[in-house]
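Now for the letters of each chain:
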Amino acid sequence: MVQTYRSPVRIYKHPFEIVMAAYEMRFPTCPQIPIFVGSEVIYEYKSGDGAEWVIDRKCQLNVEAPYLVKKIAGVDYVYFSQKNSLDRRKRTLDIEATNISFANRIAIKENCTYYVHAENENWTCFEQSASLDVKNFFGLESAVEKLAVRQYGANLAKGKEILEYFIEELLKKTTHIERYRDPNEEETTSTADSAIELKESSDGEAVLVNQKAPMLAAETDEMKTARATASFDDADSKLEAEYIRRFLGQLSPLEESRLCEIKYSLQAHHKGKLPNDAHLLRFLRARDFDVAKAKDMVHASIIWRKQHNVDKILEEWSRPTVIKQYFPGCWHNSDKAGRPMYILRLGQLDTKGMLRSCGVENLVKLTLSICEDGLQRAAEATRKLGTPISSWSLVVDLDGLSMRHLWRPGVQCLLKIIEIVEANYPETMGQVLVVRAPRVFPVLWTLISPFIDEKTRKKFMVSGGSGGDLKEELRKHIDEKFIPDFLGGSCLTTNCGLGGHVPKSMYLPVEEQEGASSSEDPLHSTYTNTATWRGYPVEVVIPIETAGCVLTWDFDVLKNDCEFSLYFSTEKIEQPPVRDGAQSPTTILNPVEMVSAAIGGASHQHPDLQCAPELKVGTPHLILEEKPVLFQEGDSMQGSHYCSRAGTYIMQWRVPESTAGHSSTFDFGSHKCRLIYYYEILNSENFRGSVASLESCRSSSFSSIAPPTPPTPGTPRNP
């Protein structure tokens, strides 16, 4: 595999002529570069007017390699060819270097360029690119490649330091160097006009300037800050080393190279807006600085942003009233690292009510608006603090979390949001502090953790403590003056929604038409639509093979009233057909069965279970686990049951007997009850490890969550 390197633009705050004179001081030998043993001139050319100078050198290098590698290769030194082409008229120096040793086995190419800064003619820029292709090296290809990359990266940083050393040495000897003058051009200015003199820059650094030449404004700090905090990148901008250090962080030379590669590649092949440099760096980090993978990720994100008009979401999307009133989340100052901090009181969130009242689309847009706002806040923090801030902090309060938060459509919606955030806002989560975690938390963590990137999972810290102990732990991560009042601090969170139950009057209408369902909408794809009539209940048989499982259910009564019960049997029972809501007894019963059902319903002699009429409640074979509860039209129910025994559990919905007897014998339609339902079995084996992990951090101190056990091959990831 070909390894490549591309440097950011490095700026020397000295004129080109001074930099070139200092550069030549490195030859023929340079004690400051131990790897550089020496060089000899192979070819040299100087133009008659003195403007061009081309020189070829053979350079001898003492590469630091393991003894075994040198022994196998049979050499102590390696040789390179370096061609320098200086154009004093254009004020450029182009350097081409290739390896002479092992040229048939290894191909190394390096290109460097010195040129005048576009906005300040008294500054000099330097760019560098290189490639390495280890074709065949005595079976040590991988070792040689890693060795070469490591040594190349280590020597990159030294290059600028050494050149700056020679510049300082040069300045001790001279204070000016003449610029090149074309003898064929008419002299219009005196020699003094092109003199280079020593001046002091605004930051106190000694630089050489042209006394008479007009000063062009270099990019100011304000301009760099504006570029760093912009949402999108200038299509023609280049990365500078100093800009990277101040606004993006301390990167290794190879990390800088990967950032340059992806940026310039996207500029060359993509028309339109690109993510800014800070966001490109997030994509690279998410893919361990693999440029190809990160670029694919960026391309997909750019397309996604266009499709969903994400660039304008903060300006064009407004939060529905129900979100403003009942969504318990808000931005809240910053953590001790200076990262913007978002607080989510998940335990106070009515997951079902929020989803039923504003829909999946609005919850997704809410998340996107929070992420877009977070990017802007991180950029603003970078500007204010003068240090790179690329992520934000999340505090999740789980006080009040219960099994109702495991509502399947809500979990599916959460997984969809996680997928979107992972793909388009990578590496934006600096840390996640989960506080006041109850015992039900491991179940929720088991459902969602497989869909969270491993790097992000490691940023989750959980505490089950409360009161003063929790406050002391929070002080390690948050300044005391910013700890929220509901977590024991004194800082009010007045801009957060209250949370709590969303009134059913705010629910969106439930689509009753079968054709309205969508496989992408959790509200429609999860539920089963059915109906029950007088004397003809709906029964769902659920075999439980292992004790300790948790059975959860959710249903909505769409029309008329019904009773709900839960039974347990030690017998094996077959699942009867579940009727579609549009069916009626007349379509599934023959005349004899219709008469039997009608008579049974009228005399109230119907069996406890229609799927197993021979079983009677009270016997060892049939036990009423959950007593009948009456639900009226419009009611919603979320429930759960701990299955302490293995066996068969039966959920049953039936028309209440108190109303069944008031209708005529064959009037099936007068007491038809329509409902939608779903259920789920949470296997204890899936979250037993998470329970143990949480128990280990039940104290007030924050502890990292242990990574989940990899799923068994062939096991589906969806919960």
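Before going into details, it helps to say that this report is about the structure given with it. Keep in mind that what you see is a predicted model, and the values were worked out from it rather than measured.

1. Some remarks on the overall build of the protein chain
Alright, step 1. Tallying secondary structure elements over the protein chain gives 20 helices and 26 strands in all.
Alright, step 2. The burial tally for the protein chain puts 48% of its 719 residues in the buried class.
Alright, step 3. Excluding contacts between residues fewer than 6 apart, the proportion of contacts in the protein chain whose partners are at least 24 apart in sequence is 75%.
Alright, step 4. Approximately 35100 Å² of the protein chain is accessible, and the part contributed by carbon and sulfur atoms is 51%.

2. What to know about the nonpolar core
Alright, step 1. In terms of nonpolar packing, the biggest core is built from 60 residues, with F327, M354 and V434 touching the most fellow members.
Alright, step 2. Per-element tally for this core: the top contributor is helix α11 (residues 351-385), with 11 residues.
Alright, step 3. When residues of this core are assigned to domains, at least three map to each of domain 3 (320-504) and domain 4 (528-600 + 607-658 + 670-686).
Alright, step 4. When residues no more than four places from it in sequence are discounted, the contact partners of F327 are V322, Y342, L344, L349, M354, L366, I370 and G497.
Alright, step 5. Listed in part, the 30 residues of the second largest apolar core include F27, I33, F80 and L93.

3. With respect to the packing of aromatic side chains
Alright, step 1. Using the criterion set out here, one finds 19 aromatic pairs in the structure.
Alright, step 2. Ring centres of W331 and W392 lie 5.9 Å apart, and the angle between their planes is 85°; this geometry places the pair in the edge-to-face category. Taken together, the residues W331 in strand β13 (residues 329-334) and W392 in strand β15 (residues 392-397) connect sequence positions 61 residues apart.
Alright, step 3. Take W331: its relative accessible area is 11%, and that puts it in the buried class.
Alright, step 4. Taking the centre distance of 6.2 Å and the plane angle of 35° together, the rings of F441 and W445 count as tilted. On the criterion of helical spacing, the pair formed by F441 and W445 is a turn pair, its members being four residues apart in helix α13 (residues 441-448). No difference in accessibility class separates F441 from W445, as the two residues are buried.
Alright, step 5. A cation over a ring is seen here: K46 above W53, with NZ or CZ 5.1 Å from the ring centre.

4. Focus: the pattern of salt bridges
Alright, step 1. In total, this model carries 33 salt bridges according to the counting rule given.
Alright, step 2. Among the ionic pairs, K263 bridges to D277, the shortest N-O distance being 2.9 Å. Note that K263 is positioned in helix α6 (residues 253-269) and D277 in helix α7 (residues 277-286), a separation of 14 residues in sequence. You'll find K263 and D277 in the same group, each marked buried.
Alright, step 3. Linking D397 and R345 is a salt bridge whose minimum nitrogen-to-oxygen distance equals 3.8 Å. With a gap of 52 residues between them, D397 in strand β15 and R345 in the loop between β14 (340-344) and α11 connect regions that are remote in the sequence.
Alright, step 4. Overlapping salt bridges, with partners in common, bring together R345, D397, D399 and R436 in one network.

5. Some thoughts on the state of the cysteines
Alright, step 1. Applying the stated criterion across every chain yields a total of one disulfide.
Alright, step 2. Here C330 is linked by a disulfide to C496, with a sulfur-sulfur distance of 1.8 Å. Here C330 and C496 share a disulfide; its torsion about the S-S bond, -70°, makes the bridge left-handed. Placement of the pair is C330 in strand β13 and C496 in the loop between α15 (467-474) and α16 (522-525), with a sequence separation of 166 residues.

6. Focus: the packing of helix α8 (residues 291-307) against helix α12 (residues 408-424)
Alright, step 1. Packing of α8 against α12 leaves a shortest axis separation of 9 Å and a crossing angle of 120°. Considering the angle they form, α8 stands oblique to α12. Contacts between α8 and α12 involve M297, S301 and W304 on the former and, on the latter, I420, E422, A423 and N424.
Alright, step 2. Taken together, the residues that form the contact of α8 with α12 break down as four nonpolar, two polar and one charged.

7. A closer look at α7
Alright, step 1. The buried fraction of α7 is high, at nine of 10 residues.
Alright, step 2. Within α7 the residues assigned to the buried category are D277, A278, H279, L280, L281, R282, F283, L284 and A286.
Alright, step 3. D288 sits one or two residues past α7 and shows a positive phi near 55°.

8. Brief notes about the side chain of H279
Alright, step 1. Note on placement: H279 falls in helix α7.
Alright, step 2. Looking at H279, the relative accessible area reads 7%, which means it is buried.
Alright, step 3. A polar contact is formed between the side chain of H279 and the backbone oxygen of N424, at a distance of 3.3 Å.
Alright, step 4. The residues touching H279, leaving out its near neighbours within four places in the chain, are L375, N424, Y425 and P426.

9. Regarding the sheet that holds strand β21 (residues 562-569)
Alright, step 1. Read across the sheet, four strands follow the order β19-β24-β21-β22 without closing on themselves; strand pairing throughout is antiparallel. Looking at strand neighbours, the two that pair on one side only are β19 (538-544) and β22 (622-631), the edges of this open sheet. With direction set aside, neighbouring strand axes in the sheet form an average angle of 15°.

10. Observations concerning the pairing of strand β25 (residues 673-682)
Alright, step 1. Along β25, eight of the 10 residues are buried, which leaves the element largely enclosed by surrounding structure.
Alright, step 2. In the sheet, strand β18 (residues 528-532) pairs with β25 via five bridges, with the strands oriented antiparallel. Of the residues in β25, the one forming a bridge with A531 is R674.
Alright, step 3. Pairing of strand β20 (residues 549-559) with β25, which is carried by nine bridges, proceeds in the antiparallel orientation. Paired with L551 across the two strands is I681, which belongs to β25.

11. A word on α8
Alright, step 1. Taking 1.5 Å of rise per residue, 17 residues should cover 24 Å, and α8 covers 24 Å from first to last C-alpha, within 8% of that figure.
Alright, step 2. Among the residues of α8, the N-terminal cap falls to D290, whose side-chain oxygen and the backbone nitrogen of A292 are separated by 3.2 Å.
Alright, step 3. After α8 finishes, the residue N309 shows a positive phi value of roughly 50°.

Criteria and thresholds
- Position labels on residues start from 1 in each chain and follow its written sequence.
- Only residues with pLDDT of 70 or above have their local features reported here, since the model is predicted, and side-chain atom pairs are shown and tallied only from 80 upward, although totals for entire chains, interfaces and linings are computed over all residues.
- The basis for every side-chain value is the complete set of heavy atoms in the structure, and neither hydrogens nor water enter the calculation.
- A run of H or I in DSSP becomes a helix once it reaches four residues, and a run of E becomes a strand once it reaches two; helices and strands are each numbered from the N terminus.
- Here the term buried applies to any residue with accessible area under 20% of the maximum for its type, exposed to any over 50%, and partly exposed to those in between, with areas from a 1.4 Å probe on protein chains only.
- Should any heavy atoms of two residues lie within 4.5 Å, those residues are counted as being in contact.
- Surface exposure here means Shrake-Rupley accessible area, sampled with a 1.4 Å probe, where a residue is shielded only by the protein chains that are shown.
- Take the buried residues of types Ala, Val, Leu, Ile, Met, Phe, Trp, Tyr and Cys, join any two whose side-chain atoms come within 4.5 Å, and each joined set is a nonpolar core.
- Note that the domain bounds reflect an automated or database-derived domain assignment.
- Two rings belonging to Phe, Tyr or Trp (six-membered ring only in the last case) form a pair when the distance between their centres is within 6.5 Å. Interplanar angles under 30 degrees mark stacking, angles over 60 mark edge-to-face geometry, and anything in between is tilted.
- Two conditions define a charge located above a ring, namely a distance within 6 Å from the ring centre to NZ of Lys or CZ of Arg, and an angle within 35 degrees of the ring normal.
- Salt bridge, as used here, is a side-chain nitrogen of Lys or Arg placed within 4 Å of a carboxyl oxygen of Asp or Glu.
- Pairs of cysteine sulfur atoms within 2.5 Å are what we label disulfides.
- Lines fitted to the C-alpha atoms define the axes, with helices restricted to the stretch that makes contact. Angles between their N-to-C directions range from 0 to 180 degrees.
- If an angle is under 35 degrees, it is roughly parallel; if it is over 145, roughly antiparallel; if it lies from 65 to 115, roughly perpendicular; otherwise it is oblique.
- In this classification, Asp, Glu, Lys and Arg are treated as charged, Ala, Val, Leu, Ile, Met, Phe, Trp, Tyr, Cys and Pro as nonpolar, and every other residue, Gly included, as polar.
- Here a polar contact is taken to be a pair of N or O atoms separated by no more than 3.5 Å, where protein atoms must pair a possible hydrogen donor with a possible acceptor and residues adjacent in sequence count only if both atoms sit in side chains.
- For two strands to be treated as a pair, DSSP must find at least two bridges joining them.
- In this scheme, a helix's expected span is set at 1.5 Å multiplied by one less than its residue total.

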